[in-house]
Amino acid sequence: ITDDGPGLAEPVRGVPGGTEGVGLANVRARLAALYGDEASLRLENRPEGGCRARMEVPWRTAPS
């Protein structure tokens, strides 16, 4: 997910030296509970301006 706003005003975890709030901490905890180390959530400033949230989860197919 991206936007074209001013970017992150304060550093956030996933951005070197940052911290995060309750919402992001909860999302990270849910990802860890569901997928362990196979999932991640990163927030980063885009070089052209704005912010990017990148979530990666493993691909799983339903049993046949």
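Bear in mind that the values here come from a model prediction, so they are computed numbers and not experimental data.

Draft legend 1. Looking closely at the confidence of the model for the protein chain. Put simply, the protein chain has an average pLDDT of 84, and 84% of its residues get 70 or more. No element of the protein chain has a lower mean pLDDT than strand β1 (residues 40–45), which averages 89, and none a higher one than strand β2 (residues 51–56), which averages 92.

Draft legend 2. Fine view of the environment of E48. Structurally, E48 can be placed in the loop between β1 and β2. On the basis of relative accessibility, which here comes to 55%, the residue E48 falls in the exposed class. For the pair E48 and P6, spaced 42 residues apart in the sequence, the C-alpha separation amounts to 9.9 Å. A polar atom in the side chain of E48 sits 2.5 Å from the side chain of R46.

Draft legend 3. Highlighting a nonpolar patch on the surface. Together, V27, M55 and V57 make up a nonpolar patch on the protein surface, roughly 230 Å² of accessible area in all. Its place among the elements puts V27 in helix α1 (residues 22–35).

Reading guide: rules and limits
Residues numbered from 1 in each chain as written. Predicted model: local features only at pLDDT ≥ 70, side-chain atom pairs only at ≥ 80, totals over all residues. Heavy atoms only, no water. pLDDT = per-residue confidence, 0-100. Helix = DSSP H or I, 4+ residues; strand = E, 2+ residues; numbered from the N terminus. Buried < 20%, exposed > 50% of the residue type's maximum accessible area, 1.4 Å probe, protein only. Polar contact = N/O pair within 3.5 Å; in protein donor to acceptor, adjacent residues only side chain to side chain. Patch = residues over 30% accessible without salt bridge, like charges linked within 9 Å, V, L, I, M, F, W, Y side chains within 5 Å. Areas by Shrake-Rupley, 256 points an atom, 1.4 Å probe, with all protein chains shown as cover. Salt bridge = Lys/Arg side-chain N within 4 Å of Asp/Glu carboxyl O.

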